[in-house]
Every structure is written in C-alpha cells, then in structure tokens.
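Coordinate analysis (summary)
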Amino acid sequence: ISAAVTTLAAGAEYAGRLNAQNTRILFSLSQAMALLIQRNFDVADVILKEVGAILENAEQSGLALSRSEILSLKVFHHVLQVSEYIWQGQIKLARQSLKQLHACYKQLTHTENKPYTGERDPADQFHWISQEQLFLLVYVVSVMHALQQGYTDKAESYANKALQLINKQRSYDNDSLVSSYQLILMEQLFLAHLLRGETAAAVKELQKCVTVYQKYHGTLKHHRSSLHTALGLYAMIMPGCLDHALTQFNAALKHTSEPEQIAFIKLNSVVVHLKQNLPKDQLHALLESVEPGRMPGKCHSLKASSYCIQGMAALVEGRLTDAKRKLRETVVMANKADLNKLTSSAFLLLAHIFVDIGNQTDALEMVKSAHEIANRIPDISLQMWSCKMLEQLYRTDQPEKSGEMRELREKLTAKIEKESEESTSLPEHNLLQWLDSEFPSSCMSMV
C-alpha cells in the first residue's frame, strides 16, 4: 500500500504539470483511498478536503471537465468520505456526506455521460473505474452505513438493488472487482438476515458467497476470515452451537492481520466465553486484549463496543459499580455515533443492574427505551431480551402489559424455534464444520 500511495501521489503531480485536471483529481482521490486502506486517516482527510474544495467550485472555475466528469469525481469523493467515517465507526458524522453522495448520484444518473469537448491533454483520457462500477460503490457504502446503524430493512433494500444491477450486466461476469462488491453485499445481507432472526436466509446467503469463491478463487484469500467470522456469528444464535462459534472465530483469527477485524472477533469471543462460563483465566486474558485503550486507532464503534463488553463481564462477575460506569460510557459513545444496537444493549445491561439494586423505576425506563430501539431497527435478539424483562417488570403493577409482553415473547420464541429448525435441516448448516479445507463446499455433504 505504501508503494501505491507514493506512485499515486507522483501520478497526481505529473497530471497537474500536464494540466490534465480529470486525471489529477482521479489520482489524488485514489491516493486518498489507498491512505484510508492504510488507516492513515489524517493525511487522507487533508487530500479529501483539498479535492472537495476544487470540485465544489469546478463548474465556476472553468476546469476542463464536462458536467458528467465533475459529477463522477464528486461521487467518488463522497464515497471515500463516507467510507472514512464508516471505518472510524462515526456513523452519525457520515450522514451529511451520504446525503450529498445520493444527491450527486441522482444527478449523474440523469446526466448524459460524455467527455469534455474542448482541447485537453491526452493524459486526461485516463479512467480506471466505469460509471456502472461507481454506482455499485454507492450502494456498497449505503448498505454498510445502514447496517452500522442497525437499519436492516434499509440495508437489505440497497443490497438487493445493487445485486440486481450486477445480475443485469453480463459484462460483469468476469469482473473480479465487481465480484468483490458482490461478496461485500452478500456479507451485509447475511448480517441483516441474522439480526432479524432469519437464520435460514442468512446461512443461504453464505452459500452464495461460497459460489462466488469457487468462481473467483482469489477472492477467498481476502474474504476467508470474514466467512469464518460470519459462521461464528451464525453459530452464536443457533441453539447448541456455541462450541462452533468459538472454533470459527479462532479459525478467522488465523486468516487476518486486520486490527479492526481481530478486535471484532475477540469482542464476540468474549460473549461466547461469558455464555459458556469458560475458565476465568481465559476470559480475563481475552478481556485484557480488548480493553478500550487497545482498540485500533480511531475506531469509535469498536471502542464503544469494548466498553459494553467490559461492562457485561463486570456485571456477570458482580462488579456492579464498574459495570455501571462502563455501560454509561457505552451509551454516551453509542448515541454520539448512531450505534443503535449498542445503545439498546447497554440500556438492557444497565436495567439488569438497576433490578439487582432494587431500582425498578429506572430499570423499567431503560428497558422501554431498549425495546423501542429493538423494534425500530429491528433486532430479534434485543426484542426477545427486552420482552422478557418487560414481562417481569410489569408483572406486579401492570399485569395486562405483562401479559402483552408474554404474548409477544411467545411469538418471537416460536419464530426463533421455527427458523432454527429450518436452518439445521439445510445442507448449508454444515458450513459450520468448515475449518481447514481449501473450499467450504467440501463440508456441504457432511452430516
């Protein structure tokens, strides 16, 4: 990546000397993209701001660019800005850039795609991404932003529209770049289904990923850790599969060096350890490795998640004061970044603390807020959890409401049981057995 950053900077400088404005901006944005991949956010941010100022006044300043070229560069610029916020876990900050991105995308789709008609250097004819591929990128970042907020329906809608575009374009059949977009979209769809408790649809989505891996062998190398992680998350909510969850997370760790992914895997591994009541020394070693101060760089969402997990562990171990402090910090950080699932989880954990100390009033307020968020995004695990707590908290003074919560809990339980039964009967469920073979398809025939 360092070599790419240097080369792209040289390309931007050379294009500038030739007064090839389109190519200069394209190289600068590509340099910013490489810096973002490198997690060098400060330098990338400087470039994005400089380019943003140029593009904002491009039509008035008389740059040798057509309207469609300016809009294409603006779309690419906003994609990178939104990506930067997503990588930093600052979902709320991405809102304005995403709004601008969608506006530019809409304008571009209604603008004739034609080059600048005046005189320009031949170097300005350079293009490395088609308009169709750029449109797919818009959908990819939109899906990721929606899912980070927990809005699964919106994420699914964006993802399906993007996949329809891919399926309609036969020219994409042998496009490895588009196959990467396709995998990201399928992985996000998997998460959307999983959060809503649609485990059968979720595991089928993973099998679609396997089909892409088989077609483009190189993609598995880059996505293998993500697939093991996805299988671990699937196993976490399937009855009797927690052992599989831990083995899949451990397999995922073997195939990645990305700090953010390692932190995410370890945070989920802590939850498995707590659920299984595994040896304390293992749990404490894992907790130490995911302390807030050890989270990667500027990733706000992972740091907030760390406080939540640390608070959960403290609650399980009876350290209520420590748990309350960490969970309150979670709420502050999660609200600041629109991390709705995390906010709801922290509210429910705080409610448990209030119940333990006999403060039923504050406990009820916390659970009601958590339940409202869980229904809005929606998230079946949080819905189930909040229903159980509301049923108990309403039981003494508001028996009718307690009965309503019991009915809702029973409906959710029936849905979860039905989904689990369907999922375990699918051949795709056997993907949980995949650990060492080159392709997961070898597990599909296992029983």
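Our structure is the block above this text.
Residues numbered from 1 in each chain as written. Predicted model: local features only at pLDDT ≥ 70, side-chain atom pairs only at ≥ 80, totals over all residues. Heavy atoms only, no water.

What follows concerns the overall build of the protein. Of regular secondary structure, the protein possesses 20 helices and zero strands. What you see for the protein is a C-alpha radius of gyration of 24 Å, in line with the 22 Å of a compact globule of 447 residues. Principal axes of the C-alpha set define a box for the protein whose edges measure 80 × 50 × 40 Å. Within the protein, the proportion of its 447 residues that are buried is 54%. For the protein, the centre of its 46 positive side-chain charges and the centre of its 48 negative side-chain charges are spaced 2 Å apart. (Helix = DSSP H or I, 4+ residues; strand = E, 2+ residues; numbered from the N terminus. Rg over C-alpha atoms; globule rule 2.2 N^0.38 Å. Buried < 20%, exposed > 50% of the residue type's maximum accessible area, 1.4 Å probe, protein only. Lys, Arg positive; Asp, Glu negative; His and termini not counted. Charge placed at Lys NZ, Arg CZ, Asp CG, Glu CD.)

Time to look at the packing of helix H9 (residues 176-195) against helix H10 (residues 199-215). Contact geometry of H9 with H10 gives a least axis separation of 8 Å together with a crossing angle of 165°. Put simply, H9 runs roughly antiparallel to H10. Judged by the twist between their axes, the crossing of H9 over H10 is left-handed. For the pair H9 and H10, contact is made by Ser179, Gln182, Leu183, Met186, Glu187, Leu189, Phe190, His193 and Leu194 and by Thr199, Ala201, Ala202, Glu205, Leu206, Lys208, Cys209, Val212 and Tyr213, respectively. The residue makeup of the contact of H9 with H10, split by class, is 11 nonpolar, four polar and three charged. (Axes fitted to C-alpha atoms, helices over the stretch in contact; angles between N-to-C directions. Parallel < 35°, antiparallel > 145°, perpendicular 65-115°, else oblique. Left-handed = near helix turned anticlockwise from the far one by under 90°. Contact = heavy atoms within 4.5 Å. Nonpolar A, V, L, I, M, F, W, Y, C, P; charged D, E, K, R; others polar.)

Residues Glu400, Glu404, Glu407 and Glu410 make up a contiguous surface patch of negative charge. In this fold, Glu400 is placed in helix H20 (residues 399-425). (Patch = residues over 30% accessible without salt bridge, like charges linked within 9 Å, V, L, I, M, F, W, Y side chains within 5 Å. Areas by Shrake-Rupley, 256 points an atom, 1.4 Å probe, with all protein chains shown as cover. Salt bridge = Lys/Arg side-chain N within 4 Å of Asp/Glu carboxyl O.)

Between the first and last C-alpha of helix H17 (residues 340-356) there are 25 Å, a value that for 17 residues agrees with the 24 Å anticipated at 1.5 Å per step. H17 sits mainly inside the fold: 13 of its 17 residues count as buried. Looking one or two residues past H17, Gly358 carries a phi angle of roughly 85°, positive in sign. (Expected span 1.5 Å × (residues − 1).)

Summed over all chains, the structure comprises 21 salt bridges. A salt bridge links Arg39 to Glu258; the shortest N-O distance between them is 3.9 Å. Taken as a pair, Arg39 in the loop between helix H2 (21-37) and helix H3 (41-56) and Glu258 in the loop between helix H12 (242-254) and helix H13 (259-276) lie far apart in primary sequence, 219 residues in all. The partner of Arg95 in a salt bridge is Asp338, with the nearest N and O atoms 2.4 Å apart. A residue pair is termed long-range when its members are at least 10 positions apart, and Arg95 in helix H6 (residues 94-109) and Asp338 in the loop between helix H16 (320-337) and H17 qualify at 243 residues.

Another aspect to go through is the packing of aromatic side chains. In the structure shown here, the tally under the stated rule is three aromatic pairs. Taken together, a centroid distance of 5.0 Å and an interplanar angle of 90° make the contact between Tyr105 and Phe135 edge-to-face. Of this pair, Tyr105 sits in helix H6 while Phe135 sits in helix H7 (residues 131-149), and the two are 30 residues apart along the sequence. Phe135 gets classed as buried once you look at its relative accessible area, which sits at 13%. In this structure an aromatic cluster arises from ring pairing among Tyr105, Phe135, Tyr139 and Tyr158. (Phe/Tyr/Trp six-rings, centres within 6.5 Å; stacked < 30°, edge-to-face > 60°.)

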